[in-house]
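These are the residues of each chain, in order.
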Amino acid sequence: MTQNVAAKLHNRLSVLRAERRLTRQDLAVALAINYQTVGYLERGEFNPSLDLAMRISEFFGLPIEAIFSRTPLSPLSEQLYSSSARTKEK
Amino acid sequence: MQTQLLGIPIDRRSRRRGLVVVLYASYAMLVACFALAARSGVGLVFAAGLLPSGLALMSAFWALSQLALPYATEGAGRKEQLVDERQLQVRDRAFYRAYQILSSVFGLWVVYEGIARTNERQWFWVPQTFDEYQAIVWGYLLVSMTLPSALIAWTEPDLVDSDDTQANELRLAR
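Residues numbered from 1 in each chain as written. Chains lettered and ligands numbered in written order. Predicted model: local features only at pLDDT ≥ 70, side-chain atom pairs only at ≥ 80, totals over all residues.

### Some words on the overall build of chain B
Helix and strand content of chain B: 5 helices and 2 strands. Taking all contacts inside chain B whose residues are at least 6 apart in sequence as the whole, residues at least 24 apart take part in 67%. (Helix = DSSP H or I, 4+ residues; strand = E, 2+ residues; numbered from the N terminus. Contact = placed C-beta atoms within 7 Å.)

Here's what the structure looks like:
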């Protein structure tokens, strides 16, 4: 049986972009891509190449797995507070 | 993809599809006008059909070539265009699909003409005159030149960016 190699890649691009108060145009210029492609990436309609994923990761200063995932991503705030609660418990 | 041509917005897919329809319909009209002119004289047919359909064909051809310009690679006297990996994928897919369609149509035509010419009862239409062959050859050339762009124009979704409002708010907030 063949595997679906082009499975949807979930990402946090729109959240990260909004946090930094960037427009799609700003992000597109920074990544040297077309601004429409940013929209496609955010909506998960286009999976980036490894090169582009690394450029995005470098731009946001985050590891790739914090931005992209093969499974749906939970909200960043939820992750942050659950991890800080775990730290307090220790 | 361009979002405007001579100030006319073409960000909606329906408009781009309209352009593709105009291109091929104007060619069909041009051929019909030539056929009519051959039978009933050139003067009136030229004014009524040949000139408008010729102009429509040229305009649609130009517009479609402009529309797909950002998908062109660098060089060929063009300014450097920002073509990213998604656009390259879209372009390559369109060229591949166009090649599949054109080669299939050509193959089917060869088979059809072979059957039609050997059919003694002449049930099938085949081009007989030089004009009929001209119409088919020029039509095939037109389609082969425009099909990749037409496929991109036809299939790419609306380019209206839902982020535009948010972008304006961000600009104002700065």
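### Description of the overall build of chain A
Counting its regular elements, chain A contains 6 helices and 2 strands. Ordering the α and β elements of chain A from the N terminus gives β-α-α-α-α-α-β-α. The dimensions of chain A, computed from C-alpha atoms along their principal axes, are 45 × 45 × 20 Å. In chain A, which comprises 90 residues, the proportion classed as buried is 23%. Once local pairs closer than 6 in sequence are excluded, the contacts in chain A between residues at least 24 apart make up 58%. (Buried ≥ 20, exposed ≤ 12 C-beta atoms within 10 Å, placed from the backbone.)

### What about the nonpolar core?
All names here are of chain B. Counting residues in hydrophobic clusters, the biggest one holds 20 residues, and the most contacted among them are Leu19, Leu23, Leu64 and Ala153. Contributing elements (two or more residues each) for this core: α1 (13-40), α2 (43-67), α3 (85-118) and α4 (130-155). Broken down by element, the residue count for this core peaks at 6 residues, all from α1. Residues within four places of leucine 23 in sequence aside, it is in contact with Leu57, Ala60, Phe61, Leu64 and Thr146. (Core = buried A, V, L, I, M, F, W, Y, C linked by C-beta atoms within 7 Å.)

### Focus on the packing of helix α2 (residues 24-31) of chain A against helix α3 (residues 35-42) of chain A
Residues and elements named next belong to chain A. Their axes nearest at 8 Å, the elements α2 and α3 cross at an angle of 105°. With respect to α3, the element α2 is oriented roughly perpendicular. Residues Arg24, Gln25, Leu27 and Ala28 of α2 touch α3, and the partners they reach there are Tyr35, Thr37, Val38 and Gly39. (Axes fitted to C-alpha atoms, helices over the stretch in contact; angles between N-to-C directions. Parallel < 35°, antiparallel > 145°, perpendicular 65-115°, else oblique.)

### Here's the deal with the confidence of the model for chain B
Residues and elements named next belong to chain B. This prediction gives chain B a mean pLDDT of 79; 74% of its residues lie at or above 70. Element-level pLDDT for chain B is lowest in helix α5 (residues 164-173), with a mean of 53, against a maximum mean of 92 in α3. For this predicted complex, the interface score ipTM comes out at 0.76, alongside a pTM of 0.74. (pLDDT = per-residue confidence, 0-100.)

### As for α3(A)
Along α3(A), 6 of the 8 residues are buried, which leaves the element largely enclosed by surrounding structure. Taken as a whole, α3(A) has its buried residues at Gln36(A), Thr37(A), Val38(A), Gly39(A), Leu41(A) and Glu42(A). Each element contacted by the buried residues of α3(A) is listed here: β1 (10-11), α1 (13-19) and α2 of chain A together with α3 of chain B. Positive backbone phi, at 75°, marks Gly44(A), one or two positions downstream of α3(A).

### Some thoughts on the packing of α1(B) against α4(B)
All names here are of chain B. Direction vectors running N to C along α1 and α4 enclose 175°, while the axes themselves pass 10 Å from each other. Taken as axis vectors, α1 and α4 run roughly antiparallel relative to one another. Facing α1, whose interface residues are Arg16, Arg17, Leu19, Val20, Leu23, Tyr27, Val31, Phe34 and Ala38, α4 presents Asp131, Ala135, Gly139, Leu142, Thr146, Ala150, Ala153 and Trp154. Residues of the contact of α1 with α4, tallied by class, amount to 12 nonpolar, 2 polar and 3 charged. (Nonpolar A, V, L, I, M, F, W, Y, C, P; charged D, E, K, R; others polar.)

### Some thoughts on helix α6 (residues 76-89) of chain A
Under the 1.5 Å per step criterion, the end-to-end length of α6(A) is 20 Å for 14 residues, consistent within 8% with the ideal 20 Å. With 0 of 14 residues buried, α6(A) lies mostly on the surface of the structure. (Expected span 1.5 Å × (residues − 1).)

### Here we look at unusual backbone geometry
Residue and element names in this part refer to chain A. The phi angle at arginine 21 is positive, at roughly 55°, despite the residue not being glycine. As for its position among the elements, arginine 21 is in the loop between α1 and α2. Look at arginine 21 and you get exposed, because 11 C-beta atoms sit within 10 Å. One non-glycine residue with positive phi stands out, namely alanine 32, at about 60°. Mapped onto the elements, alanine 32 comes out in the loop between α2 and α3.

### Examining the environment of Ile56(A)
All names here are of chain A. Relative to the assigned elements, isoleucine 56 resides in helix α4 (residues 50-60). With 29 residues separating them along the chain, isoleucine 56 and leucine 27 place their C-alpha atoms 9.1 Å apart. Beyond its immediate sequence surroundings of up to four residues, isoleucine 56 is in contact with Leu31, Pro48 and Ile67.

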